[in-house]
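Understanding the architecture of this molecule
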Amino acid sequence: MFHRKPLEERIAERVAKRPPLKEGKHFEHRPALIVFCVVIALVALKIVGAFALMKWGVQ
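Computed from a prediction, not measured in an experiment: that's the story for all the values here. (Residues numbered from 1 in each chain as written. Predicted model: local features only at pLDDT ≥ 70, side-chain atom pairs only at ≥ 80, totals over all residues. Heavy atoms only, no water.)

1. Comments concerning helix α2 (residues 30-56)
- If you check α2, its first and last C-alpha atoms are 39 Å apart, about what 27 residues at 1.5 Å a residue would give, namely 39 Å.
- Downstream of α2 by a residue or two, Gly57 has a phi angle that is positive, lying close to 75°. (Helix = DSSP H or I, 4+ residues; strand = E, 2+ residues; numbered from the N terminus. Expected span 1.5 Å × (residues − 1).)

2. Remarks on the pattern of salt bridges
- In the structure shown here, the tally under the stated rule is 1 salt bridge.
- Glu13 serves as the salt-bridge partner of Lys5, at 2.4 Å between the closest nitrogen and oxygen.
- Assessed through its relative accessible area of 42%, Lys5 is described here as partly exposed.
- Given a relative accessible area of 37%, Glu13 falls into the partly exposed group. (Salt bridge = Lys/Arg side-chain N within 4 Å of Asp/Glu carboxyl O. Buried < 20%, exposed > 50% of the residue type's maximum accessible area, 1.4 Å probe, protein only.)

Okay, here's the thing in structure tokens:
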């Protein structure tokens, strides 16, 4: 359609241009690292908040 290559070929070309992954690096994609850190921070905040509520008591 419109003289473009199929989607699969365009994706394959883009992937072929990428440099090889570096060993020991877990998050090549920056937004994935940000989402991971935010989720971990929210879980930690929830746990700390639960302990604070238990300590001071909620009525």
